[in-house]
Amino acid sequence: MGPPLAAVLALTGCMAAEDGDGSGGGAAAGNPGRPGRPPAFAPFGERLVDDRQAMYPRLVRLRDGRIVLGVATSTGDGVTDMARFYESTDGGRTFRTLSEILDPAAAGERGGCCGSLFELPRRLGAQPAGTLLWAGTAGMKNHAPGRRPELRVWRSADGGRRWSYLSNCATADESTPWNRGLWEPELAVDARGRLVCYYSDETHPGHDQVIAAVVSADGGVTWGSRTVIVAPGGHDRPGMPVVRRLPDGTYFMAYEVCGPSASCMVHYRRSPDGWTWGDAAGRGTAARTADGLGLHHAPTVTWIPGGGPHGTILLIGGLVRDAEGGLSQEASGATIFANTANGDGVWHMEPAPVRVPFPPHPEHSDVVCANYSSSLLPMDGGRGLLEVATQRDDDGTCRAYVGASSRAPAPAAPETGA
């Protein structure tokens, strides 16, 4: 049987109180050593990664041609408290277990979750190009002895086969209440070549949650002070930030905004340098189609070539709702939003490689597993797309499924002269 519902609810820092390409730095950066040739791409239908618990999947393709998948899982029947990594050498068709991180800060029912994979595109401090980083939460919402929220960064010098603790990019005060925490770290390199850790923060005074960031000039060994970058109304809960650098050198951030008046709708904003993101008090721009459909919950984002001179930004989220908040059961769990104008204007819908069914009236336990923070990876120069998504099986266990599809590019947006 799967973990008890309490274990699943503990995973969700944004939800409980209310992923480029999932490739991190990766497609252009690499493992030290000789680059490998990826296998020829061919689409395939969705299939189970393995039969163990998996949540919050993250994909990265390394320069040696391997695809690495990271998930949050549990050592037993309690809260998620470890990370497991898989590798694929056949374009994602099959994955085999590669390694695990058993973080002592997550042991003893303190819990760990919601990590991100990032491959350094260049040397940063003492970390050579190709160093693989994993950042995740340790110390979730619970009364476990010694629980203290931290965002812990681990490094691998051999493409995910072995891991060692590097640092924490954020640590909450020891007096932090049991139901407040730090969540969903996301790593990127800004325009100045600094490593940035973006994250969801429930400890900022006067706000239920904000999105914050810290920067490291030495490859993640030490970190600077916190800067709040998204903080609208006091009861809004912006969170789950995912950041990708676009080919024009700008940065794109997708995130959800939950709370009494926000319904976890997916918003986004852009930055010229990966550090300055505009007015923190604003919610950002909502991702909507021309007929008013919008994404809700747990977004991830990637960029893919084709569709127009700017390429195409792809967004995936948990649910699709209309402008009145009604659920589109057909589109939810089966749809990717696409935009060919660097995020300007309306979005178009495309079918997702993995279809995750939702009931007509999704409950909280559905939302925190089904299509929760799915991971997308461009394949074959943008002509294909790999997805890893999670769904709850009949025995109650949340498991990861992978699928790949050929991709018909979204229609290009009209040129505006900008």
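The structure we're discussing is the one just above.
Summarised in this report is the structure supplied together with it. (Residues numbered from 1 in each chain as written. Predicted model: local features only at pLDDT ≥ 70, side-chain atom pairs only at ≥ 80, totals over all residues. Heavy atoms only, no water.)

1. Here we look at the overall build of the chain
From N to C terminus, the chain includes two helices and 26 strands. Counting across all 418 residues of the chain, residues that qualify as buried make up 61%. Accessible surface, the chain: about 15,200 Å² in total, of which carbon and sulfur atoms supply 52%. (Helix = DSSP H or I, 4+ residues; strand = E, 2+ residues; numbered from the N terminus. Buried < 20%, exposed > 50% of the residue type's maximum accessible area, 1.4 Å probe, protein only. Areas by Shrake-Rupley, 256 points an atom, 1.4 Å probe, with all protein chains shown as cover.)

2. Here we look at the sheet that holds strand E25 (residues 384-392)
One open sheet holds the four strands; their spatial order is E1-E26-E25-E24, and the pairing between them is antiparallel. Each of the sheet's edge strands pairs with one partner strand only, and the pair in question is strand E1 (44-48) and strand E24 (375-379). Between one strand axis and the next, the sheet turns through 20° on average, direction left out of account. Two strands pair when backbone bridges link them, and E25 and strand E26 (residues 398-406) are joined in this way by nine bridges, in the antiparallel orientation. Each bridged residue has a counterpart across the sheet, and for Gln 391 the counterpart in E26 is Arg 399. (Pairing = 2+ DSSP bridges. Axes fitted to C-alpha atoms, helices over the stretch in contact; angles between N-to-C directions.)

3. Considerations on unusual backbone geometry
Positioned with a positive phi, Ser 373 is a non-glycine residue whose angle comes to about 60°. Phi is positive for Asp 380, which is not a glycine, with a value near 55°. On the secondary structure map, Asp 380 appears in the loop between E24 and E25. Note on Asp 380: relative accessible area 38%, which makes it partly exposed.

4. Some remarks on the sheet that holds strand E4 (residues 82-88)
A sheet is described by the order of its strands in space; here four strands give the open sequence E2-E3-E4-E5, paired in antiparallel fashion. A strand with exactly one partner marks an edge of an open sheet, and here the two such strands are strand E2 (55-61) and strand E5 (96-101). Each strand of the sheet is rotated relative to its neighbour by a mean of 25°, with strand direction disregarded.

5. Some details on empty space enclosed by the protein
A volume near 140 Å³ is recorded for the largest cavity. Residue lining of the largest cavity: 17 residues in total, with Gly 112, Cys 113, Trp 134, Gly 136 and Thr 137 positioned closest to the centre. Classifying every residue of the lining of the largest cavity gives ten nonpolar, four polar and three charged. (1 Å grid on protein atoms, 1.4 Å probe; cavity = no way out; pocket = protein on both sides within 12 Å on 5 of 7 lines; lining within 4 Å. Points joined across faces, edges and corners; volume = space filled by probe spheres on them. Nonpolar A, V, L, I, M, F, W, Y, C, P; charged D, E, K, R; others polar.)

6. Looking at the environment of Gln 209
If you trace the backbone, Gln 209 turns up in the loop between strand E11 (195-201) and strand E12 (210-216). Along the backbone, Gln 209 and Gly 239 are 30 residues apart, and their C-alpha atoms lie at a distance of 7.4 Å. Of the polar contacts made by the side chain of Gln 209, one reaches the side chain of Arg 237; its length is 3.2 Å. (Polar contact = N/O pair within 3.5 Å; in protein donor to acceptor, adjacent residues only side chain to side chain.)

7. A short note on the side chain of Lys 141
Structurally, Lys 141 is set in the loop between strand E7 (132-138) and strand E8 (150-156). Relative accessible area serves as the criterion here: at 12%, Lys 141 is assigned to the buried category.

8. Observations concerning the pattern of salt bridges
Tallied over the entire structure, the rule returns 21 salt bridges. Arg 152 is the salt-bridge partner of Asp 103, the closest N and O atoms lying 2.7 Å from each other. Residue Asp 103 is found in the loop between E5 and strand E6 (112-119), and its partner Arg 152 is found in strand E8; the two are separated by 49 residues along the sequence. For the pair shown, Asp 103 and Arg 152 are each scored as buried. One salt bridge connects Asp 158 with Arg 162, and the closest N-O pair in it is separated by 2.7 Å. Looking at Asp 158, the relative accessible area reads 14%, which means it is buried. Judged by its relative accessible area of 62%, Arg 162 is exposed. (Salt bridge = Lys/Arg side-chain N within 4 Å of Asp/Glu carboxyl O.)

9. Some words on the packing of aromatic side chains
All chains considered together, the criterion is met by eight aromatic pairs. Here the aromatic rings of Phe 85 and Trp 163 are separated by 4.6 Å at their centres, their planes lie at 25°, and the arrangement is stacked. A residue pair is termed long-range when its members are at least 10 positions apart, and Phe 85 in strand E4 and Trp 163 in the loop between E8 and strand E9 (164-171) qualify at 78 residues. Take Phe 85 and Trp 163: they sit in the same class, and that class is buried. Ring centres 5.4 Å apart and planes at 70° place the aromatic pair Tyr 268 and Trp 347 in the edge-to-face group. On the criterion of sequence distance, the pair formed by Tyr 268 in strand E16 (residues 265-271) and Trp 347 in the loop between strand E22 (335-339) and strand E23 (348-351) is long-range, its members being 79 residues apart. Looking at Trp 347, the relative accessible area reads 2%, which means it is buried. Among the aromatic residues, ring-to-ring pairing joins Phe 85, Trp 134 and Trp 163 into one connected group. Looking at Arg 194, its charged tip hangs above the ring of Trp 275, at a distance of 5.5 Å from the centre. (Phe/Tyr/Trp six-rings, centres within 6.5 Å; stacked < 30°, edge-to-face > 60°. Lys NZ or Arg CZ within 6 Å of the ring centre and 35° of its normal.)

10. Some points on the nonpolar core
Of all hydrophobic cores here, the largest spans 20 residues; its most connected members are Leu 187, Leu 195, Tyr 199 and Trp 223. Of all elements in the fold, only E7, E8, E9, strand E10 (182-189), E11 and E12 reach the threshold of two or more residues within this core. Counting 17 residues, the second largest nonpolar core, distinct from the first, contains Leu 69, Leu 386, Ala 400 and Ala 404. (Core = buried A, V, L, I, M, F, W, Y, C linked by side-chain atoms within 4.5 Å.)

11. Details of the pairing of E7
Most of E7 is tucked away: seven of the seven residues are buried. Here E6 pairs with E7 via six bridges, running antiparallel. Considered in E7, the bridge of Ser 116 is made with Ala 135.

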